[in-house]
Amino acid sequence: MTDGFRKLIAEAENKRLQPLWFVTHQEGIRNSCMKVYPTSNIRNIALVSHTGAGKTTFVERMLYATGAITRMGSVNSGNTVTDFEPEELDRQSSVSTGIAAIEFRDGKLNLFDTPGYMDFIGEVNAALHVADSAVVFIEGVSGVEVGTEIVYQEAKRNNMPTLLVVSKMDRDNTRVTRVLNSISEHLLDERRLIRLQIPIGEGPTFKGVIDLVNEVAFMGESGERAEIPERFAEEVEEARMELIEAAAEGSDDLMEKYFEEDTLSADDIIRGLQGAMEQNLVVPITFCAAESGVGTDLLARTMQRLLPAPGTRGGFKPYDHTGERVEYAISNDTPLAAFVFKTREDKYGKTSYVRVFGGVLESDSRVWDVNLEQEVRVGQLGVVIGKDLHNVPKLNAGDIGAVVKLGDTATNHTLTDRNHPLKVIAIRQPSPIFSYAIHPVTQADVGKLSEALSRLMEEDSTLTMRHDMATHETILAGMGDVHLSMAVKKLQSKFGVNVETTTPKIPYRETIMGESSAEHTHKKQSGGAGQYGRVMLRVESIDDDDAFEFGSEVYGGAISGPFIVATEKGCLQAVEKGPIAGYPVTGVKAVVYDGKMHPVDSKEIAFQIAGRESFRKAMLTAKPTLLEPLYHVTVTVPAENMGDIMSDMNTRRAAVQGMEQIGTRAVIKAEVPLSEMQRYLVDLRSMTQGRGVYGMEFSRYGRVPNHMKDKIINAAKADA
Ligand SMILES: Nc1nc2c(ncn2[C@@H]2O[C@H](COP(=O)(O)OP(=O)(O)OP(=O)(O)O)[C@@H](O)[C@H]2O)c(=O)[nH]1
Ligand SMILES: [Mg+2]
């Protein structure tokens, strides 16, 4: 390499500006090829937390400590490996999961650096879907926050062995006792929280960590081994006892051994903890400060030694070709099942991120996309470090990697063997809780919008788009205002599509509470071909959920068959745009019972019009009313906010269906009109200082109270 070239690389490295090909197609630069690791030496670990707990910094520290990068970046300077999206640099916080394959000792840690901000929970769900364990970061000063609880419970729901890390231990005002109290208070469930380490110092005096398993201290940035300081002897003794007891619970033979020998060896402690973590009995606690590097080496060792390799957990069951869930071992010898958990588009093309569950995924091979039922070509496989891919010839069972330009394959697809097709279950994502109506600015924007939106949705499965038939608006929905504003910004920056956003109109519906009849005669018989049709029709209320029914009680041929069909067509026009405020009609049955034809002038169009008008007239006299969408809402807040939330719910016309206190959290369930929920995200955050979260799902349509009807009708008329 020439000096000039070296300088160029160094500059690019510092700025991390190199495009994909710079690393993947230039031999000899950094470790542009990476070793292939056997399944047993791989750990897939989702790093999760409330926002700002130090996950991205930890990954950066590990890359630096293992020599993958020569200078440690920082989130605030916008030059870390795993925060590289423009939005992440803007916010100085992760918005998508960055992946880093870290070669550590004789193995590889595939770390998923997830975003902690709740709008991006979809990224966390995807990481938990494909990782084998979770490490929950808890900030040394703030302790457990609402985001911590959510991801902690989410990991449990995924049955994941979980490790806690008290992070940013070097920060001023860090108090270990306070953090541990907040952990035992807020993360209280049937799992036993157990100290695996003891920190030496706290805040600016944080200097090292005592490993209770091996009874040794790891000091400073380098993690140099040292004797345990004398003053910790008693505390170590006591904590070690607790740890050994917890480990013994992991298996019967260890319990026996413990009773006989009154202690356990380091290997036995690890084995016991692994068993206990797998059964969700124990969650160990560790400590580190990634920025200064104290405790990080020990944490990485702990991850490698204690957390499970792919396939050691068992119980993974994909679907086979008949749709049955089948037992399946995660091993190179089982049929291929490689799952796409993330898709990202940049100017170099589409990158699909895969987790190989079983089998071996080879570079330059052909595989079967079971979701598309199509063969797809896999080109050069890469191991992921931030936005770079490092070539590998293959990915063994359990490994994580990526491939560029994978045809039509999308997130949630499984790449498999055509002769042994397997399908991995899709990532479970919550329903959207926040929406914008979007309006393209120019005609050119109209043309490009739907393609751009579908590309955005390919990358982000918590983003949804639909056209609302009732309000004629295009609705973009997602997990929060930040999430949606970011999507709108991306429309502009990535696809050049400009849109304006408004609060969506409520998709009201119209219905009747009574029964009524009306008739209408459509007559045009002055000059030229005439039109004549007379319809007598009754409307009745049916179950609100049923859209519209039509029947005929015409006897003796007063209206012939084809004109009855035309009458129904007319009614359907009126159903689309109801007579009260122009919203779709639901829960109405129309029965045509009489009418009149003209031997010459009766035409289909005449009966359509007569049908439409008689339907409208009948509806207006059958106690018409408006319906509004109601949503099931589940709000989770700190218990001390419960009173405020309940009285706020009352102002939102909510029907509260239940309250429950779980630990220090209150969970409130209610059915609430959508019109009262449109700003809830913002209001809830301000009522709870950002500590409250909620989910919502469509429940049903309910009657709009009388006193609100006129306002809605007038607004609709003004709009029209
Ligand atoms: N004092 C101190 N500050 C730290 C440490 N680790 C991270 N920070 C700072 O804490 C802030 C948040 O760190 P991040 O690494 O971005 O945290 P994160 O968990 O990735 O945050 P999200 O991506 O928002 O979920 C940054 O300003 C870091 O510089 C640490 O060990 N000590
Ligand atoms: Mg981050």
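Criteria and thresholds
- Residues numbered from 1 in each chain as written.
- Chains lettered and ligands numbered in written order.
- Predicted model: local features only at pLDDT ≥ 70, side-chain atom pairs only at ≥ 80, totals over all residues.
- Helix = DSSP H or I, 4+ residues; strand = E, 2+ residues; numbered from the N terminus.
- Buried ≥ 20, exposed ≤ 12 C-beta atoms within 10 Å, placed from the backbone.
- Contact = placed C-beta atoms within 7 Å.
- Near = placed C-beta within 6 Å.
- Pairing = 2+ DSSP bridges.
- Axes fitted to C-alpha atoms, helices over the stretch in contact; angles between N-to-C directions.
- Domains from an automatic or database assignment.
- Parallel < 35°, antiparallel > 145°, perpendicular 65-115°, else oblique.
- Left-handed = near helix turned anticlockwise from the far one by under 90°.
- Nonpolar A, V, L, I, M, F, W, Y, C, P; charged D, E, K, R; others polar.
- Core = buried A, V, L, I, M, F, W, Y, C linked by C-beta atoms within 7 Å.
- Expected span 1.5 Å × (residues − 1).

Asks: For this particular structure, what's the right way to read the overall build of the protein?
Replies: Of regular secondary structure, the protein possesses 18 helices and 34 strands. The principal-axis extent of the C-alpha atoms belonging to the protein is close to 105 × 60 × 45 Å. Classification of the 720 residues of the protein by burial places 46% in the buried group. Sequence separation of 24 or more characterises 73% of the internal contacts of the protein that already satisfy a separation of 6 or more.

Asks: Is there a simple way to think about the site of ligand 1 in this case?
Replies: Taken together, 23 residues form the shell around ligand 1, and within it Gly54, Thr56, Ser94, Gly116 and Glu291 come nearest. Take the shell around ligand 1: its biggest share by element is 3 residues, from helix H3 (residues 55–65).

Asks: Just to check I follow, could you spell out unusual backbone geometry for this structure?
Replies: Unlike most non-glycine residues, Gln92 shows phi in positive territory, near 55°. The residue Gln92 is located in the loop between helix H4 (86–91) and strand E2 (98–104) in this model.

Asks: Just checking my understanding: could you explain the sheet that holds strand E30 (residues 588–596) for this structure?
Replies: Neighbouring strands of a sheet are bound in pairs by backbone hydrogen bonds; such pairs are parallel or else antiparallel. Reading across the sheet, the 4 strands line up as E27-E28-E30-E29 and stay open at both edges, with mixed pairing between neighbours. The open sheet has two edge strands with one neighbour each: strand E27 (516–524) and strand E29 (548–552). The average undirected angle you get between the axes of adjacent strands in this sheet is 25°. Relative to E30, E29 runs parallel, the two sharing 5 bridges. What sits directly across from Ser552, in E30, is Val592. Packing against the sheet, helix H14 (residues 561–576) makes contact with strand E28 (531–541), E29 and E30, and its axis sits at approximately 155° to E29. Running over the sheet, helix H15 (residues 604–620) touches E27, E28 and E30 and is turned about 35° from E28.

Asks: Is there a simple way to explain the domain arrangement of the protein in this structure?
Replies: Accessible area lost on assembly of the parts is the figure often given for the size of an interface. Each assigned domain of the protein is listed here: domain 1 (37–306), domain 2 (314–429), domain 3 (434–504), domain 4 (510–622) and domain 5 (627–719). Between the C-alpha centres of domain 1 and domain 4 there is a distance of 69 Å.

Asks: Is there a simple way to think about the packing of helix H8 (residues 233–248) against helix H10 (residues 266–278) in this case?
Replies: If you want to describe how two helices pack, look at the angle between their axes and the distance between the axes. Relative orientation of the contacting elements H8 and H10 amounts to 60°, with a least axis distance of 7 Å. In this view, H8 runs oblique relative to H10, as classed from their interaxial angle. Every pair of crossing elements has a handedness; the one defined by H8 and H10 is left-handed. Residues Leu243, Ile244, Ala246, Ala247 and Ala248 of H8 touch H10, and the partners they reach there are Asp268, Ile269, Gly272, Leu273 and Ala276. Split by residue class, the contact of H8 with H10 holds 8 nonpolar, 1 polar and 1 charged.

Asks: How should I be thinking about the pairing of strand E23 (residues 464–468) in this particular structure?
Replies: Taken residue by residue, a regular strand's side chains alternate between the two faces of the sheet. In this structure, E23 lies alongside strand E24 (residues 473–478), joined through 5 bridges in antiparallel fashion. Within E24, the position partnered with His467 by the bridge is Thr474.

Asks: What should I look at first to understand the nonpolar core in this one?
Replies: Across soluble globular proteins, nonpolar side chains have a tendency to be buried as a group. Counting residues in hydrophobic clusters, the biggest one holds 164 residues, and the most contacted among them are Ile45, Val136, Ile138, Ala247, Val354 and Leu361. Per element, the largest residue contribution to this core is 7 residues, and it comes from strand E31 (residues 624–638). Filtering out sequence-adjacent residues up to four positions away, Leu361 remains in contact with Leu336, Ala338, Val354, Val356, Val378, Leu381, Lys394, Leu395 and Leu415. In this structure, Val554, Ala574, Val592 and Ile609 belong to the second largest nonpolar core, which totals 27 residues.

Asks: Explain the sheet that holds strand E22 (residues 434–440) here, please?
Replies: If you walk across this open sheet you meet the 4 strands as E23-E24-E22-E25, and the pairing is antiparallel. Of all the strands in the sheet, just E23 and strand E25 (499–502) have a single pairing partner and so form its edges. Between one strand axis and the next, the sheet turns through 35° on average, direction left out of account.

Asks: What am I meant to see in H10 here?
Replies: For an α-helix, 3.6 residues make a turn, and residues three or four places apart therefore share a direction. The end-to-end C-alpha distance of H10 is 18 Å, a good match for the 18 Å that 13 residues give at a rise of 1.5 Å each. Taken together, the buried positions of H10 are Asp268, Ile269, Gly272, Leu273, Gln274, Ala276 and Met277. Where H10 is buried, its residues contact H8, helix H9 (252–261), strand E11 (282–287) and helix H11 (296–306). The first or second residue beyond H10 is Asn280, which carries a positive phi of 60°.

Asks: Which parts of the structure should I look at to understand the environment of Ala639?
Replies: Along the polypeptide, Ala639 turns up in the loop between E31 and helix H16 (642–651). For the pair formed by Ala639 and Gly663, sequence separation is 24 residues and the distance between their alpha carbons is 8.4 Å. Not counting chain neighbours up to four residues away, the residues in contact with Ala639 comprise Gln661, Thr664, Arg665 and Ala666.

Asks: Looking at this structure, I do not really get the packing of helix H12 (residues 443–459) against helix H13 (residues 481–495). What am I missing?
Replies: Relative orientation of the contacting elements H12 and H13 amounts to 110°, with a least axis distance of 10 Å. Looking at the two axes, H12 sits roughly perpendicular to H13. For the pair H12 and H13, the crossing hand works out as right-handed. Side by side, H12 and H13 meet where Lys448, Ala452, Arg455 and Leu456 of the first sit next to Ala487, Lys490, Leu491 and Phe495 of the second. The residue inventory of the contact of H12 with H13, partitioned by class, reads 5 nonpolar, no polar and 3 charged.

Asks: Hey, could you run me through the environment of Val376 in this one?
Replies: Mapped onto the elements, Val376 comes out in strand E16 (residues 374–378). C-alpha of Val376 to C-alpha of Leu415: the two residues are 39 residues apart in sequence and 8.5 Å apart in space. Ignoring anything within four residues of it in the chain, the contact list for Val376 reads Val367, Asp369, Leu406, Gly407, Thr409 and Leu415.

Asks: Sorry if this is basic, but what is going on with the environment of Ile200 here?
Replies: Within the secondary structure, Ile200 is located in strand E7 (residues 197–200). A tally of 23 C-beta atoms within 10 Å means that Ile200 is categorised as buried. What Ile200 contacts, discounting residues up to four positions off in sequence, is Lys207, Gly208, Val209, Ile210, Ala217 and Pro229.

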